[in-house]
Amino acid sequence: AFALKQVRTESVQGSGEMDETYFLYSEKGRRNITERKPHKRGGKANYRGISNDQICVLVARDRQKMAYSGVLGRGRIRTSKLDEVIGGHLSESNVLCTDSWRAFSSYARKKGLDQYRFKSDGKQRVKGVYHIQNVNNYHSRLKRWIDRFNGVATKNLQHYLAWFRYLD
């Protein structure tokens, strides 16, 4: 998995879809945890919704099925972190399809990208040829694949993302 992380990914071409997904923060395999009681057989977040108990993973995917995924950090999306993780894979020629998170809008404006936004209520899923169905399908396959490992330590999550990208 370490070698797979080093494999360069191509830039997003043309219309690209970008969305985030969340994984529960995990210290799987770590010994001598003093900050909290050890979890037995997984766990769930302490708070409903998005909190620091969750790790945000960004996925960008174009229509040629090239995908890029990266760990953004704990909690909500931050615009500054977006550029650090995905900035080198996008150009001004891209049309970005995203959900309605403000961080995506401010990032697209800052980078001079055209953007189509979709509300997360799922009522409007398509605007002409623009949609975020491919990236959401990728999330679904990624989560199903990671479930087989019965949880992944957060420190190794980027390696698992690279492995899945290679397999997909």
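What counts as what
- Residues numbered from 1 in each chain as written.
- Predicted model: local features only at pLDDT ≥ 70, side-chain atom pairs only at ≥ 80, totals over all residues.
- Heavy atoms only, no water.
- Salt bridge = Lys/Arg side-chain N within 4 Å of Asp/Glu carboxyl O.
- Helix = DSSP H or I, 4+ residues; strand = E, 2+ residues; numbered from the N terminus.
- Patch = residues over 30% accessible without salt bridge, like charges linked within 9 Å, V, L, I, M, F, W, Y side chains within 5 Å.
- Areas by Shrake-Rupley, 256 points an atom, 1.4 Å probe, with all protein chains shown as cover.
- Phe/Tyr/Trp six-rings, centres within 6.5 Å; stacked < 30°, edge-to-face > 60°.
- Buried < 20%, exposed > 50% of the residue type's maximum accessible area, 1.4 Å probe, protein only.

Draft legend 1. Quick peek at the pattern of salt bridges. With the rule as written, the count across this model stands at 1 salt bridge. Here K81 makes a salt bridge to E84, at a shortest N to O gap of 3.1 Å. Remark: E84 and K81 occur in helix α2 (residues 79-86); sequence separation between them is 3 residues, near one turn of the helix.

Draft legend 2. Layout of a nonpolar patch on the surface. On the surface, a nonpolar cluster with roughly 340 Å² of combined accessible area is contributed by W163, Y166 and L167. Secondary-structure assignment places L167 in helix α5 (residues 157-167).

Draft legend 3. Examining the packing of aromatic side chains more closely. A full pass over the atoms with the stated rule returns 8 aromatic pairs. Considering the side-chain rings of F149 and Y160, the 5.1 Å spacing of their centres and the 70° angle between planes classify their relative orientation as edge-to-face. Residue F149 is found in the loop between α4 (133-147) and α5, and its partner Y160 is found in helix α5; the two are separated by 11 residues along the sequence. Of the residues examined, F149 reaches a relative accessible area of 22% and is grouped as partly exposed. In this structure Y160 comes out as partly exposed when scored by relative accessible area, which is 21%.

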